[in-house]
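Coordinate analysis (summary)
Residues per chain are reported as follows:
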Protein chains: 2
Amino acid sequence: MTARSRSAPESPVGADEDELLPRGQRKQRTRDALIDAALQLMNEGRSFNSLGLREITRVAGVVPTSFYRHFKDTNELGLVLVEESGLTLRRMLREARRAGAPVKDMIRRSVQVYKAFVLSNRLHFLFVAGERSGGSPVIRSAIRNEVDQFIDEMTSDLRHLAIFPKLSPESLRMVCELVVNTMLHAATDILDLPPGDQALAKLQEDNHVHQVRLIFLGAQLWRDEAN
Amino acid sequence: MTARSRSAPESPVGADEDELLPRGQRKQRTRDALIDAALQLMNEGRSFNSLGLREITRVAGVVPTSFYRHFKDTNELGLVLVEESGLTLRRMLREARRAGAPVKDMIRRSVQVYKAFVLSNRLHFLFVAGERSGGSPVIRSAIRNEVDQFIDEMTSDLRHLAIFPKLSPESLRMVCELVVNTMLHAATDILDLPPGDQALAKLQEDNHVHQVRLIFLGAQLWRDEAN
DNA sequence: TTTTTCAGTGAACAGTTGTTGACAATCGAA
DNA sequence: TTCGATTGTCAACAACTGTTCACTGAAAAA
């Protein structure tokens, strides 16, 4: 497991009981503090691309030179974030797989589960959505890889569920790509929506549900021979 | 017309015959140089958010203090870029309107025209696609406004063309939103594709065509009463 | 025990950043 | 022609950036 524990995301580096940890864990801890610092800065409206090394270490509560003990670059930290976000995406897929296909109102339920998942993994989705087309070229292509992989897994899942038995593998993948892009964009909507406005949230949810329903409707009627 | 002429996009500021211009045009000219400098930097892989004031003036061939004669902020320059990009989007819509609905293989032709338009307005699409979910909050929301407006106009156009006569205005807008998001993401693909690879370009085009076809297929079968 | 490894520190560097104020040149109106 | 307005320049500023080096202290290895 590569994921971090991150029990207290905002504390610089555990100022409490800390000296009693073995060296490896101590290192891991400030490494996490650096990563969390970057995420925290993004949570305040900054884009990863514009984060400075010193800025990150300041929030992490560490001296700037320490950064180099863990990453050679801010870009390298970014790549770690891509990897983490990839894990988050796959965890989502795994949970969806475990839950199985709900028979009644499947799409609406999926959208609701997705929304909850986005909100409880806010920082990763913020990062992915933000840097997917904006960030530095190397990070952008890393994210693209991760998303492509995600689409592949989703394609395989839908294939085994046999929801669209008439679709060729290529067409099924095309459908999944459409859904993933739509929902990844929806994540931006979800994260930007001011909390508390129940009515607006409902409108937004309906919108997302309708879009996915329309895609699925199209997918059910798709004929490969005609394309 | 707010659009700039930009005959020689890379030259700092016309080092040639220039002194003989009236003051207003001279001002406009360095203003354009600043805007073009920002676009040029983005064309080299940078994100707008990370551009510095001095960096922009350096490329524009102007002293840093001159910047303040035109914009109070880099953010203000960004907002001008949003406006320009909005004009570009509407120009696209206007041309599509003028061309009318091609009867044969309408979607494929539209995708091809779109691709050509993206490539010949590379910088604006680069900016919009990049800052739509990545950039600073104020620019992001400005872009959202522009795109929303674009979706509205497209909805109105499709309404008058009566391609989907059974759809309610709300559903038609939902379809347009889906198409616009899909094609705006497609712009990233198009711009990232290394030029020259004919086979890959064909694959990409087919992919985009299929996605839009699937959406339209779903839209034709959509029943409002069931949703 | 002694020795080695290594995460974190502190001071210093050259370079860059955004912003200021005073100044020069010149266009356009009086 | 005179004069105010305005565009661009120059010099300077404090603050900040990424990166280096030598150093400390403690955990791990011998």
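Okay, so let's go over this structure. Computed from a prediction, not measured in an experiment: that's the story for all the values here.

**Remarks on helix α3 (residues 74–99) of chain A**
Residues and elements named next belong to chain A. An ideal rise of 1.5 Å per residue puts 38 Å on 26 residues; α3 measures up with 38 Å between its terminal C-alpha atoms. Within the span of α3, buried status applies to Leu 77, Gly 78, Val 80, Leu 81, Val 82, Glu 84, Ser 85, Gly 86, Thr 88, Leu 89, Met 92 and Leu 93. In the core, the buried residues of α3 are packed alongside α1 (23–43), α4 (106–120), α5 (122–131) and α6 (137–161). A positive backbone phi angle near 75° is found at Gly 100, which sits one or two residues after α3.

**Considerations on the interface of chain A and chain B**
Many analyses report the size of an interface as the accessible area lost when the parts associate. Contacts between chain A and chain B engage 33 residues on the former and 33 residues on the latter. Here chain A meets chain B over a buried area of about 3,200 Å², counting both sides, of which 58% is carbon and sulfur. The three residues of chain A that bury the most area against chain B are A:Leu178, A:Gln211 and A:Leu214, which together make up 18% of that side's buried surface. Here chain A is connected to chain B by six salt bridges. With a closest N to O distance of 3.3 Å, A:Arg140 and B:Asp192 form a salt bridge. Between the two partners, chain A and chain B, sit eight residue pairs in polar contact (both at pLDDT 80 or more). Those elements that provide at least two residues to the side of chain A that touches chain B are α5, α6, α7 (169–192) and α8 (198–221) of chain A. Split by residue class, the side of chain A that touches chain B holds 11 nonpolar, 15 polar and seven charged.

**With respect to unusual backbone geometry**
Residues and elements named next belong to chain A. Despite not being glycine, Ala 162 shows a phi value in the positive range, around 55°. By the element assignment, Ala 162 lies in the loop between α6 and α7. Residue class for Ala 162 comes out partly exposed when judged on its relative accessible area of 45%.

**As for the packing of aromatic side chains**
Aromatic rings in a pair are described by how distant their centres are and how their planes are angled relative to each other. Residues and elements named next belong to chain A. Here the structure, examined in full by the defined rule, presents 12 aromatic pairs over all chains. Here the aromatic rings of Phe 48 and Phe 127 are separated by 5.7 Å at their centres, their planes lie at 85°, and the arrangement is edge-to-face. In this pair, Phe 48 is assigned in the loop between α1 and α2 (53–60) and Phe 127 in helix α5, connecting sequence segments 79 residues apart. On the basis of an interplanar angle of 80° and a centroid distance of 5.1 Å, the ring pair of Phe 164 and Phe 216 is categorised as edge-to-face. Placement of the pair is Phe 164 in the loop between α6 and α7 and Phe 216 in helix α8, with a sequence separation of 52 residues. A network of ring pairs unites the aromatic residues Phe 67, Tyr 68 and Phe 71 as a single cluster.

**Observations concerning the protein's contact with DNA strand D**
In the vicinity of DNA strand D lie 20 residues, with A:Leu53, A:Arg54, B:Thr30, B:Arg69 and B:His70 positioned nearest. Sugar plus phosphate: this is where 42% of the atoms of DNA strand D within 4 Å of the protein reside. In this structure, B:Ser66 approaches DNA strand D through a side-chain N or O atom, which is 3.4 Å from a phosphate oxygen. Breaking the surface near DNA strand D down by element, the ones donating at least two residues are α2 of chain A together with α1 (23–43) of chain B. Of the residues forming the surface near DNA strand D, the biggest block, four residues, is contributed by α1(B). Classifying every residue of the surface near DNA strand D by side-chain character gives five nonpolar, six polar and nine charged.

**Observations concerning the packing of α8(A) against helix α7 (residues 169–192) of chain B**
Remark: α8(A) packs on α7(B), axes separated minimally by 10 Å, with the N-to-C direction vectors making an angle of 75°. Viewed along their axes, α8(A) and α7(B) adopt a mutual orientation that is roughly perpendicular. Contacts between α8(A) and α7(B) pair A:Asn207, A:His210, A:Gln211, A:Leu214 and A:Ile215 from the former with B:Met174, B:Val175, B:Glu177 and B:Leu178 from the latter. Tallied by class, the residues present in the contact of α8(A) with α7(B) amount to five nonpolar, three polar and one charged.

**Here we look at the environment of B:Val113**
Residues and elements named next belong to chain B. Along the chain, the position of Val 113 falls in helix α4 (residues 106–120). Judged by relative accessible area, which is 57%, Val 113 ranks as exposed. A C-alpha to C-alpha distance of 9.4 Å links Val 113 and Met 92, two positions 21 residues apart in sequence.

**Quick notes on the relation of the copies chain A and chain B**
Both copies of the chain are placed relative to one another by a rotation about an axis and a shift along it. For these two chains of identical sequence, chain A goes onto chain B by a turn of 180° and a shift of 0.0 Å along the axis, with RMSD 0.0 Å. The two molecules are tied by a two-fold rotation axis, judged by turn and shift. Taking the C-alpha atom as reference, chain A places A:Gly218 closest to the rotation axis, 1.9 Å from it. Interface residue correspondence from chain A to chain B reaches 100%, placing this contact among same-surface, isologous pairings.

**Structural notes on the pattern of salt bridges**
Residues and elements named next belong to chain B. Tallying each qualifying case throughout the model produces 30 salt bridges over all chains. A salt bridge links Arg 108 to Glu 205, with the shortest nitrogen-to-oxygen separation between them at 3.0 Å. Separated by 97 residues along the polypeptide, Arg 108 in helix α4 and Glu 205 in helix α8 (residues 198–221) bring together distant segments of the chain. The burial state of Arg 108 is the same as that of Glu 205; both residues are buried. Measuring nitrogen to oxygen at the nearest pair gives 3.1 Å for the salt bridge that ties Asp 206 to Lys 202.

**What to know about the protein's contact with DNA strand C**
Of all residues adjacent to DNA strand C, which total 20 residues, the nearest are A:Thr30, A:Arg69, B:Leu53, B:Arg54 and B:Arg58. Taking all atoms of DNA strand C within 4 Å of the protein, the share assigned to sugar and phosphate is 47%. Here A:Lys27 contributes a side-chain N or O atom positioned 3.1 Å from a phosphate oxygen of DNA strand C. The side chain of B:Arg58 places a nitrogen or oxygen atom 2.6 Å from a phosphate oxygen of DNA strand C. Going through the elements one at a time, α1 of chain A together with α2 (53–60) of chain B are the ones with two or more residues in the surface near DNA strand C. Looking at the surface near DNA strand C, the element that brings in the most residues is α1(A), giving four residues. Tallied by class, the residues present in the surface near DNA strand C amount to five nonpolar, six polar and nine charged.

Cut-offs applied
Residues numbered from 1 in each chain as written. Chains lettered and ligands numbered in written order. Predicted model: local features only at pLDDT ≥ 70, side-chain atom pairs only at ≥ 80, totals over all residues. Heavy atoms only, no water. Helix = DSSP H or I, 4+ residues; strand = E, 2+ residues; numbered from the N terminus. Expected span 1.5 Å × (residues − 1). Buried < 20%, exposed > 50% of the residue type's maximum accessible area, 1.4 Å probe, protein only. Contact = heavy atoms within 4.5 Å. Buried area = accessible area lost by both parts, 1.4 Å probe. Salt bridge = Lys/Arg side-chain N within 4 Å of Asp/Glu carboxyl O. Polar contact = N/O pair within 3.5 Å; in protein donor to acceptor, adjacent residues only side chain to side chain. Nonpolar A, V, L, I, M, F, W, Y, C, P; charged D, E, K, R; others polar. Phe/Tyr/Trp six-rings, centres within 6.5 Å; stacked < 30°, edge-to-face > 60°. Near = heavy atom within 4 Å. Axes fitted to C-alpha atoms, helices over the stretch in contact; angles between N-to-C directions. Parallel < 35°, antiparallel > 145°, perpendicular 65-115°, else oblique. Least-squares fit on C-alpha atoms with pLDDT ≥ 70 in both.

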